[in-house]
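Summary of the model geometry
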Amino acid sequence: MTKKIIIAIDGYSSTGKSTVARQLAKALGYIYVDTGAMYRAVTLYAMEQGFVGPSHFDQEALENCLSLINIRFEVSKETGFAEVVLNNTNVEKKIRTLEVSRLVSPVAAVSKVRRKLVEQQQLMGKDRGIVMDGRDIGTVVFPNAELKLFMTATAKDRAERRYKELLDRGEDVTYEDVLKNVVNRDHIDSTRKDSPLRKAEDAVMIDNSNLTLVEQFDQILEIAKGAINKA
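Computed from a prediction, not measured in an experiment: that's the story for all the values here.

**Re the pattern of salt bridges**
As enumerated under the stated definition, the model contains 16 salt bridges in all. Note that Arg 102 and Asp 177 form a salt bridge whose closest N and O atoms lie 3.9 Å from each other. Remark: Asp 177 occurs in helix α8 (residues 175-191) and Arg 102 occurs in helix α4 (residues 98-108); sequence separation between them is 75 residues. For Asp 127, the salt bridge identified is with Lys 126, shortest N-O distance 3.4 Å. Taking relative accessible area as the criterion, Lys 126 reaches 57% and is therefore assigned exposed. Connected through shared salt-bridge partners, Asp 34, Glu 92 and Arg 96 make up one network.

Listed below in structure tokens is the structure:
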């Protein structure tokens with residue numbers, strides 16, 4: 001039987017990490033974990049409790065409630081993909097809004113939040129055969145992953161993709177707001193003290209600015225097959 005490996009996919013926001021990770025896991029028969037969705041779920045919880053908003057963030061209150069936050073993934077009967085369940089409620093659609101996107105980076109920068117979620121993520125990967133995407137998977141969560149990918153694209157390209165995605169969902173947003181959010185998240189993610197976004201030394205860089213989804217997937221699938229054969 002083919003040996004199963006851990007595939008870590010990191011990169012900037014709106015580079016399509018989750019899409020390609022989901023496709024890759026399905027093609028390989030692996031488990032897919034969207035760690036960004038986990039941080040979005042914590043952010044949604046903080047928003048609903050009034051701990052965080054556009055002009056305030058009660059970090060201490062959030063830290064004191066971390067033990068009350070339960071996150072799991074549940075496969076949707078409709079899509080066949082894993083969706084996020086927060087405290088027994090499916091929040092897949094709620095966590096994808098621009099409102100959550102605006103607030104997720106400061107929440108994700110909290111060390112106690114990161115420690116709680118990293119522990120859960122490492123447990124999810126203990127049996128290998130997993131594709132996990134996020135900001136620090138190849139550098140912090142699984143530094144010994146057999147395959148590490150780092151995805152990037154221009155801020156303009158990423159904002160255009162994200163803008164179209166939000167419009168398709170019926171969100172009332174402007175391109176300018178989406179671009180501002182992308183640039184702001186890049187800055188926060190790259191400069192935070194705890195587990196900043198950075199490319200692992202042994203990660204394969206994927207710049208998908210000029211790649212179609214099919215071209216990107218085909219390229220990454222070949223890389224993954226090569227890593228599995230070497231394992």
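Having seen it, we continue.
**Looking at the sheet that holds strand β7 (residues 89-90)**
The sheet built from three strands is open, its strands ordered β5-β6-β7 with antiparallel pairing. Every interior strand has two partners, whereas the edge strands, β5 (71-75) and β7, have only one.

**Overview of the sheet that holds strand β10 (residues 204-207)**
Across the sheet, which stays open at both edges, the five strands sit in the order β2-β8-β1-β9-β10 with parallel pairing between neighbours. Only two strands of the sheet have a single partner each, and these edge strands are β2 (31-34) and β10. With direction set aside, neighbouring strand axes in the sheet form an average angle of 20°. Two strands pair when backbone bridges link them, and β2 and strand β8 (residues 130-134) are joined in this way by four bridges, in the parallel orientation. Bridging from a neighbouring strand, Tyr 32 pairs with Val 131 of β8. The sheet strands contacting helix α1 (residues 17-28) are β1 (6-11), β2, β8 and β9 (147-152), and the helix crosses β1 at an angle near 165°.

**Details of the packing of α4 against α8**
Viewed as axis vectors pointing N to C, α4 and α8 meet at an angle of 15°, and their least axial separation amounts to 9 Å. One element, α4, and the other, α8, form an angle in the roughly parallel class. Here α4 runs over α8; the crossing is left-handed. Along its contact with α4, which presents Leu 98, Ser 101, Arg 102, Val 104, Ser 105 and Pro 106, the element α8 presents Asp 177, Val 178, Asn 181, Arg 185, Ile 188 and Asp 189. For the contact of α4 with α8, the class distribution of residues is five nonpolar, three polar and four charged.

Basis of the calculations
Residues numbered from 1 in each chain as written. Predicted model: local features only at pLDDT ≥ 70, side-chain atom pairs only at ≥ 80, totals over all residues. Heavy atoms only, no water. Salt bridge = Lys/Arg side-chain N within 4 Å of Asp/Glu carboxyl O. Helix = DSSP H or I, 4+ residues; strand = E, 2+ residues; numbered from the N terminus. Buried < 20%, exposed > 50% of the residue type's maximum accessible area, 1.4 Å probe, protein only. Pairing = 2+ DSSP bridges. Axes fitted to C-alpha atoms, helices over the stretch in contact; angles between N-to-C directions. Contact = heavy atoms within 4.5 Å. Parallel < 35°, antiparallel > 145°, perpendicular 65-115°, else oblique. Left-handed = near helix turned anticlockwise from the far one by under 90°. Nonpolar A, V, L, I, M, F, W, Y, C, P; charged D, E, K, R; others polar.

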